[in-house]
Amino acid sequence: MSKRILLVDDEPLIVKGLKFALEQEGYVVESALDGEEALRKFETIPIDLILLDIMLPLLDGFEVCQRIREKSEVPILMLTAKGDEMDRILGLEYGADDYIAKPFNVLEVKARIRAIFRRTQNNYVRMDEDKQPIRVKGLEVNRYRNVVTLNGKELRLTPREIDLLTLFITNRGKVYTRRQLLELVWEPDFKGDDRTVDVHIRRLREKIEKNTAEPEYIMTKWGVGYYFTEKD
């Protein structure tokens, strides 16, 4: 079944061009020209990925992203102004999985979308034959079902957060630099900076840690990077 993408942008020429290019790749593309229309379509149509511009009429992309994140972990790729670092960071803060700067190359957009779908469909960590989840101190990661629970309660993690947690939990004690995490969990040619990793780590900690100031799971090696605790 073809993946369905919701394309949200108030520039008709961009919508027309991207819609044509993505449909040529076999995707089904729904479009919206403002934030309220985007939310209506998301509520009524099954969506596999959202391409979301920030500057939108009625509701901006940040608000749309935040409202969708309250209900769903669907991958969100935000379109930001070229060179506007604050927009990129805010997009991640509101729950976006990735971003791409305007003006963009359509080939890059396609590549980013393919990378996101690969991450959500194919676990880069090989599961055991019996597909047993990984358990550490009340935290359980089941990559076969793509579900994470904490003390029996299912957590709402984005695909990127699940990828990060899986990498950490299957390599306990190994310290990863921010650049290594970008290469392993994003993709080698990802153009983001270290703060992209920091934002995702903070969001992940907020979901799994009792006290983010004194984490039990994801630890910081000051001046180096992050690692998953070795303590049971």
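Values in this document were obtained by computation on a predicted structure and should not be read as measured data.

A. Up close: the packing of helix α6 (residues 159–169) against helix α8 (residues 194–208). Two elements in contact, α6 and α8, have axes whose closest approach is 10 Å; the angle formed by their N-to-C orientations is 80°. Relative to α8, α6 is oriented roughly perpendicular. Residues Arg160, Glu161, Leu164, Leu165 and Phe168 of α6 touch α8, and the partners they reach there are His200, Ile201, Arg203, Leu204, Lys207 and Ile208. Here the contact of α6 with α8 is built from residues that sort into six nonpolar, one polar and four charged.

B. Expanded view of the sheet that holds strand β11 (residues 218–221). Taken together, the three strands give an open sheet; going across it, the order is β10-β12-β11, and neighbouring strands pair in antiparallel fashion. What marks the edges here is a single partner per strand, and that holds for β10 (176–177) and β11. Both β11 and strand β12 (residues 225–228) contribute to a ladder of four bridges, which runs antiparallel. Bridge pairing in β12 links Lys221 to Gly225. On the sheet, α6 packs against β10, β11 and β12 and is oriented at approximately 70° with respect to β12. Of the strands in this sheet, β11 and β12 touch α8, which is tilted by about 140° from β11.

Calculation notes
- Residues numbered from 1 in each chain as written.
- Predicted model: local features only at pLDDT ≥ 70, side-chain atom pairs only at ≥ 80, totals over all residues.
- Heavy atoms only, no water.
- Axes fitted to C-alpha atoms, helices over the stretch in contact; angles between N-to-C directions.
- Helix = DSSP H or I, 4+ residues; strand = E, 2+ residues; numbered from the N terminus.
- Parallel < 35°, antiparallel > 145°, perpendicular 65-115°, else oblique.
- Contact = heavy atoms within 4.5 Å.
- Nonpolar A, V, L, I, M, F, W, Y, C, P; charged D, E, K, R; others polar.
- Pairing = 2+ DSSP bridges.

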